[in-house]
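Tertiary structure, described
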Amino acid sequence: MQIKHLFKTSYMGLRTNMVRSLLTILGIVIGISAIILIFSLGKGAENLIMGELSGMGTDTIVIRPGQQPKGLSDITDALFLDSLTTEDVEALKRKSNVPYLAEIAPAVMVPGTASYRGETFKATNFGWSAELMVKMFGAELESGVLFDDIDIKNKASVAVIGSKVKEELFGNEENVIGKNIKIKGRNFRVIGVMSSRGQVSSFNVDEIIVIPYSTAQVYLLGINHYHEIILKATSAEFVNQTVQDIKDTLRERHDITDITKDDFFVVTPEGMLDQISTILDALTLFLSAVVGISLVVGGVGVMNIMLVSVTERTKEIGLRKAIGATNKDVMVQFLFEAIILTITGGIVGVLLGAGLATLITFGLNLAGYTWSFSFPLGAAILGLVFSIAIGLIFGIYPARKASQKSPIEALKR
Amino acid sequence: MQPLISVKDLEKTFYDSEIPTQALRGVTFDIQKGEFVAIMGASGSGKSTLLHMIGFLDQYTKGEYFFDGENIANFDDDEIAHIRNKKIGFVFQSFNLLSGTSVLENVKLPLVYSDVPEKQWNDLATKAIEAVGLSHRIGNDAQRLSVGEKQRVSIARALVNDPDVIFADEPTGNLDSKSGGQVMDIIKRLSHKGKTVVLITHETHTAEYAQRIIRILDGKIFSDEKVAHVREEGEFIK
């Protein structure tokens, strides 16, 4: 039988039970659209994260105390580790230790709110270098000045604030330079206000207050270690070299011979990206496996309905054989019907998945994320191949059963 | 002359949960080309089983069957499918038309499994439909026709591949006497045109269209006689 007639015959067979055929492919539709959705959103998330990380600059390196965190508790514990000190920063500044170092500034986090005359705001308080922050986040001053190394050395009580902080604390007041805000009960004089910058990496720059790290250490936290040391290499190509130099310098200073006992770890945007990609890939794979199970369930549904169909159409099969259809003709016909079912499910699934991903993209963009839609062509092709394979695998048994029916069935009254 | 159908000591035993039932107990006869033969018998006599055997729908247990001079024991499944398609046409009591499908499509169905080139299909099917007088119904849904018309569609389908023999299994069984008469007239006409016809029936007035009646009783031939007064077209009930 020619392929054209196979199509026609299969269509006729499926049309007789349109609703049933549609319900049967629902499992396949859901499975395949889930695959498309997972891959599309996974790619979108990767693009988003990549965009945010590169916003911080690919030449940025962050040193944190303790070991590479493996869970949430490791991250909070790191706030109490005191392995990064002023002496470390001094050692890293030396050209003979880290030749490709462009900038370096330690940082501490100050939890708590800032207030001004009864108005309070839960800002992100950094004890850091204002100059490095502006560089790293690509922020600009709207008014005033940044504090400098002398202010840091003198432990000056000055602050540079983000636009949202200004709005929340001062409302409509125009000139806020020189006014005092309170952080942890201590007055800080506002010397600079940044223009709006929005989200960069995991920080909202507009919600940041930066004060000299030395002031934060001594007057607000009472510690003499740092939570982070942030560096910039002279260019992105020296990042790996610089990371190695940092590790060598700190290990020597901390007397570490066994590298598994490091009391610090170094984070680069690229390294973070790798890590996130690994997590996303694992997640995608896991979800795909779940979807794979749903596709198998869908396939069993197709097999079930094909078996019912073969039983119902015993007379038709008998007739076809009585007028000259071979076993192979009948088998191919039913196999074809199963494949038409599953591939229809596959195509609808791909379209539905892509449609949903577009909708979600639209929604996320409305919500302010720069999320790009990407059609996972590979997953779409894989999905279609998969749906054909399901039709073949789960259609073969019913088709064989059909082909073994006797032509006498047509004569039964 | 070599007979078209020749069976020798044909036996068929069914096994229903290992208990054997002998449906045919050794049947021997010849049917010549162009002959019109009726096979009669009560239900359970074995006449349907006999039709299945000689119509290539089922396999016999013992004996020999020569079709057009060839022992069909030598044919494999595909060759038998080819014979069903090319050399025989079946007319069923319950028509067996495909639902939701036009008269033309139903009649074309055997051509789908044949080696006839597709461009001839419409012509052949149209001619077969003409032969049963249903040209005005060619595009209609076969399922919506009257029972008489349905049986005529089924005859057209049996004719479309220009077979050597037509097997009609109680073709008037589901019809009223008027449409039964029309159907028998068509079959009679085919016989006149030289087609071999094997008709299964339990009605004497239908069987008498044939030139010869083979009566089956308990799986054996009870009688095999020429019909004295053969009915002609328009003589369904005298």
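In this text the structure is predicted, and so the values were computed from the model without any measurement. (Residues numbered from 1 in each chain as written. Chains lettered and ligands numbered in written order. Predicted model: local features only at pLDDT ≥ 70, side-chain atom pairs only at ≥ 80, totals over all residues. Heavy atoms only, no water.)

On to the sheet that holds strand E10 (residues 220-226) of chain B, then. Residues and elements named next belong to chain B. The strand order E6-E7-E8-E3-E9-E10 describes an open sheet built from six strands, whose pairing is mixed. Looking at strand neighbours, the two that pair on one side only are strand E6 (88-91) and E10, the edges of this open sheet. For this sheet, the mean inter-axis angle between neighbouring strands, taken without regard to orientation, is 15 degrees. As judged from the five bridges shared by strand E7 (residues 165-169) and strand E8 (residues 196-201), these two strands associate in the parallel manner. Across the sheet, the residue bridging to Ala168 is Leu199, located in E8. (Pairing = 2+ DSSP bridges. Helix = DSSP H or I, 4+ residues; strand = E, 2+ residues; numbered from the N terminus. Axes fitted to C-alpha atoms, helices over the stretch in contact; angles between N-to-C directions.)

The next subject is the UniProt feature "domain: ABC3 transporter permease C-terminal" (unreviewed entry) in chain A. The feature "domain: ABC3 transporter permease C-terminal" (unreviewed entry), as annotated in UniProt, sits at residues 290-407 of chain A in this numbering. Each end of residues 290-407 of chain A is marked by a C-alpha atom, and these two atoms are 43 Å apart; helix forms 84% of the span and strand 0%. (UniProt positions renumbered as here; feature names shortened; annotations may be inferred.)

Attention now moves to the domain arrangement of chain A. With domains assigned, chain A is organised as domain 1 (3-53 + 274-411) and domain 2 (82-262). Summarising the inter-unit geometry, the C-alpha centres of domain 1 of chain A and domain 2 of chain A are found 54 Å apart. (Domains from an automatic or database assignment.)

This part covers the UniProt feature "transmembrane region" (unreviewed entry) in chain A. Residues and elements named next belong to chain A. UniProt feature "transmembrane region" (unreviewed entry): in the numbering of this structure it lies at residues 21-42, 285-310, 330-363 and 375-397. The span residues 21-42 carries 100% helix and 0% strand; its end-to-end C-alpha distance comes to 32 Å. Overall, residues 285-310 shows 100% helix and 0% strand. The separation of its end C-alpha atoms is 37 Å.

With that settled, consider the confidence of the model for chain B. Taken residue by residue, chain B gives an average pLDDT of 92. The fraction at 70 or more is 99%. Across the whole predicted complex the pTM is 0.72, and at the interface the ipTM reaches 0.92. (pLDDT = per-residue confidence, 0-100.)

Turning our eyes to something else, we now look at the sheet that holds strand E1 (residues 5-16) of chain B. All names here are of chain B. The strand order across the open sheet built from four strands is E2-E1-E4-E5, with neighbouring strands paired in antiparallel fashion. Two strands lie at the open edges of the sheet, namely strand E2 (19-31) and strand E5 (70-71), each paired on one side alone. Of the strand pairs in this sheet, strand E4 (residues 62-67) and E5 are connected by two bridges, and their pairing is antiparallel. Its bridge partner being in E5, Phe67 is matched across the sheet by Glu70.

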